[in-house]
Amino acid sequence: MKTMFRGAGFLGLGGAIWGNAAYKLKASELTLRPPGAVAEKDFVKACVRCGTCVEACPYNTLMLATIDDHTAIGTPYFKPRNIPCYMCTDVPCVPVCPSGALDLKTIAREVGGKKTDEPDINKAKMGVAVIDKDACLAFWGIQCDACYRACPLMGTAITIEFRRNERTGKHAFLEPVVQRDVCTGCGLCEHACITEKAAIFVLPRNIATGKVGEHYIKGWEREDEQRLHNLKEKKEKETSPEDVLNDWEDLLDDD
Amino acid sequence: MIGKICWTMIKRLKRNRFLILRRIFQAGLLLLFAGANWWGWTLLLGNYSSAYVLQLFYLTDPHAVLQVFATGFIMSADALIGAAIVLLFYALIAGRSFCSWVCPVNMITDLATCLRKRLKITKKENYLNFSRKTRYWVLGLGIILSAVLGVAAFEVINPITMLHRGIIFGFGAGWTIIVALFLFDLLVTEYGWCGHLCPLGAFYSAAGRFSLIKIKHSAENCTLCMKCFSVCHEKQVLQIVGKESGFIKRECSNCGRCIEVCDDNALKYSIYNYKN
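Residues numbered from 1 in each chain as written. Chains lettered and ligands numbered in written order. Predicted model: local features only at pLDDT ≥ 70, side-chain atom pairs only at ≥ 80, totals over all residues. Heavy atoms only, no water.

Undergrad: Please clarify how the overall build of chain B should be interpreted in this entry.
TA: Each helix and strand counted, chain B has 14 helices and six strands in total. Computed over C-alpha atoms, the radius of gyration of chain B comes to 20 Å, within 12% of the 19 Å expected from 2.2 N^0.38 for 276 residues, which places it in the range of a compact globule. Its C-alpha atoms put chain B at 55 × 45 × 40 Å along the principal axes. Buried residues in chain B amount to 51% of all 276 residues. Long-range pairs, those at least 24 residues apart, make up 71% of the contacts in chain B between residues at least 6 apart in sequence. Surface exposure of chain B reaches about 13400 Å², of which carbon and sulfur atoms provide 70%. Each charge class in chain B was averaged separately, 30 positive and 14 negative side chains, and the resulting centres sit 6 Å apart. (Helix = DSSP H or I, 4+ residues; strand = E, 2+ residues; numbered from the N terminus. Rg over C-alpha atoms; globule rule 2.2 N^0.38 Å. Buried < 20%, exposed > 50% of the residue type's maximum accessible area, 1.4 Å probe, protein only. Contact = heavy atoms within 4.5 Å. Areas by Shrake-Rupley, 256 points an atom, 1.4 Å probe, with all protein chains shown as cover. Lys, Arg positive; Asp, Glu negative; His and termini not counted. Charge placed at Lys NZ, Arg CZ, Asp CG, Glu CD.)

Okay, structure coming up:
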């Protein structure tokens, strides 16, 4: 009996320490994953940490997290400022994954609305580039389009907007703008950025993006407006507020 | 003179034949994994959790798959088939051989044990004594934690894959865990990790209980010299030695050390006889 209690105590203690360590080591909201990764929550569950994707990467972009990387240990990630994802058209890192943590279906090429077995790296959603305007030279009025030119989807993922420079009166700002629905998060822009600490950098999508919510509809867009017409009318509740207000029988004591 | 030296050399080699073979096996696997990453070999990609063999099929750690299953994620068919192959191989044929023939941590803990004996840090001076059954509790706890936390709990701290990754991709601070393991086996508890705590060893012990390859003891030949007891990492499995003939079961990892040291031909590799 005594040993049983002691055993249970050690088990509880061990479980608490181990559980805490595992929990800490799995938190990885700020990690950039390889292309084709499933949602982060499922990714940490699924990844067997075998490193096959890292071995498949021809540019040594992918690394395996060690204890000091503040992410689930042994899982693949990349730091675009060091080595970005060069967007191989055959995406060698994804098909080798045995676990389903990297899933070809998430980046399948679509032909005529149908998904094929071919990968389309441009559909990868590794993250989204964010610009710190205060650190970006283009927003100072100095001409720099390093990120724009480095972008593999030049002109669609990063566009340039022209704005008159009121300060000089005769120049233009050539401001880079990230189109978040097109951006793959490859980080070539972050790698190319000429400032001391990159003014454009990739963040995981769920960190860098907001969400409006289903209940806002762009009435000026035919497709979005259609959502309004597709909505099924909710059944009116049979009880009106007055019924609730008048229903006071429960409040009375029987006595 | 030279003949005599050669003869003693051969005798020593013969006395360590399984040990040498095991080290070649363990180091060779590590080399194949490393070669895949460093020189682009394609024989064996991945690691001890999941390996892509000859670019044909996968071999997956069934214990890891079990944990992932507990988190509620269904893995791809490739991984599940790979796990089934491995599980069936150990369950039907090889028993707990993974621990002494494949696992790289075995080399670390064996080194610790060897040093422990050389430095005469003997069993009596164990700082911590605890049951060898603890590993089965660790195994269960790992599965429960996987389910609760939604992450494969043992894979997060698994020193086996950590060692492999460390050698091939760089340790980071992970080397501290390996050193801690080494010191634990050296100073705290004899056979502490492999013989008491490792849930993977527990998993394969349970899975390989009725495997074909087992070590057979014949009590008629035994002279009770106790040499096998002095080298065995799982002494409790040798309880039949000198008492009755039969097969060594339970946590035996088929390392063959006892066969090597036995001078009386009382222990040998054999095929399990299911009838008795």
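Undergrad: Is there a simple way to think about the interface of chain A and chain B in this case?
TA: By convention, interface size is frequently given as the accessible area that disappears when the constituent parts associate. Opposite the 32 residues of chain A that make contact, chain B presents 38 residues. A combined buried area of about 3000 Å² lies between chain A and chain B, and 70% of that area is made up of carbon and sulfur atoms. Taken as a group, Trp18, Lys45 and Glu55 of chain A account for 26% of the area that chain A buries against chain B, more than any other trio of residues on that side. Our count for the contact surface shared by chain A and chain B stands at zero salt bridges. At the surface where chain A touches chain B, the tally comes to three residue pairs in polar contact (both at pLDDT 80 or more). If you list the elements that add at least two residues to the side of chain A that touches chain B, you get α1 (2–26), α2 (40–46) and α3 (52–56) of chain A. Ranked by residues supplied to the side of chain A that touches chain B, first place goes to α1 of chain A with nine residues. (Buried area = accessible area lost by both parts, 1.4 Å probe. Salt bridge = Lys/Arg side-chain N within 4 Å of Asp/Glu carboxyl O. Polar contact = N/O pair within 3.5 Å; in protein donor to acceptor, adjacent residues only side chain to side chain.)

Undergrad: In this structure, what is going on with the side chain of Thr31 of chain A? I would like to understand it.
TA: On the secondary structure map, Thr31 of chain A appears in the loop between α1 and α2. When residues no more than four places from it in sequence are discounted, the contact partners of Thr31 of chain A are Thr71, Tyr77 and Pro204 of chain A.

Undergrad: What is the right way to look at the domain arrangement of chain B in this model?
TA: Residue and element names in this part refer to chain B. On domain assignment, one finds that chain B holds domain 1 (47–207) and domain 2 (213–271). Computed from C-alpha coordinates alone, the two centres of domain 1 and domain 2 are separated by 24 Å. Each partner contributes to the interface: domain 1 provides 17 residues, whereas domain 2 provides 15 residues. In total, domain 1 and domain 2 occlude about 1200 Å² of area from one another, counting both sides; carbon and sulfur atoms represent 39% of this. Its largest share of buried area at the contact with domain 2, domain 1 owes to Arg96, Arg132 and Tyr191, together 37% of the area lost on that side. Between Arg135 and Glu234 there is a salt bridge; the shortest N-O distance is 2.8 Å. Listed by contribution, the elements that provide at least two residues to the side of domain 1 that touches domain 2 are α4 (77–94), α5 (97–102), α6 (105–118), α7 (134–149) and α11 (192–197). With four residues, α5 is the largest single contributor of residues to the side of domain 1 that touches domain 2. (Domains from an automatic or database assignment.)

Undergrad: Where do I start with the packing of α4 of chain B against helix α12 (residues 199–207) of chain B in this structure?
TA: Packed helices, taken two at a time, are described by their axes: the angle between them and the distance between them. All names here are of chain B. Look at α4 against α12: their axes get within 8 Å of each other, and the N-to-C directions meet at 60 degrees. Here Val86, Leu87, Tyr90 and Ala91 of α4 come into contact with α12, specifically with Phe203, Tyr204 and Ala207. Here the contact of α4 with α12 is composed, by residue class, of seven nonpolar, no polar and no charged. (Axes fitted to C-alpha atoms, helices over the stretch in contact; angles between N-to-C directions. Nonpolar A, V, L, I, M, F, W, Y, C, P; charged D, E, K, R; others polar.)

Undergrad: Help me understand the sheet that holds strand β4 (residues 213–217) of chain B, please; the structure alone is not making it clear to me.
TA: Strand pairing in a sheet relies on backbone hydrogen bonds. The paired strands run either parallel or antiparallel. Residues and elements named next belong to chain B. Pairing is antiparallel in the open sheet, where three strands are placed in the order β5-β4-β6. Only two strands of the sheet have a single neighbouring strand rather than two, namely β5 (246–247) and β6 (267–271). Strand direction decides the pairing type here: β4 and β6, joined by five bridges, are antiparallel. Counted as the bridge partner of Lys216 is Lys268 from β6. (Pairing = 2+ DSSP bridges.)

Undergrad: When you look at helix α2 (residues 17–38) of chain B in this model, what are you seeing that I'm missing?
TA: Note that an α-helix has 3.6 residues per turn; residues three or four places apart therefore point the same way. Residues and elements named next belong to chain B. With 22 residues, α2 should cover 32 Å at 1.5 Å per step; its first-to-last C-alpha distance of 30 Å lies within 8% of that length. Of all the positions in α2, only Phe18, Arg22, Gln26, Leu30, Phe33, Ala34, Gly35 and Ala36 are classed as buried. Once α2 finishes, Gly40 follows within two positions and takes phi at roughly 75 degrees, a positive value. (Expected span 1.5 Å × (residues − 1).)

Undergrad: Would you take a moment to explain a nonpolar patch on the surface for this structure?
TA: Residues and elements named next belong to chain B. Together, Leu88, Phe89, Leu92, Ile93, Phe210, Leu212, Ile213, Ile271 and Tyr274 line one region of the surface with nonpolar side chains, adding up to about 840 Å² of accessible area. Examining the composition of the nonpolar patch, we find that four residues originate from one element, α4, more than from any other. Examined against the element boundaries, Ile271 turns out to sit in strand β6. Residue classification places Ile271 among the exposed residues on the basis of a relative accessible area of 51%. (Patch = residues over 30% accessible without salt bridge, like charges linked within 9 Å, V, L, I, M, F, W, Y side chains within 5 Å.)

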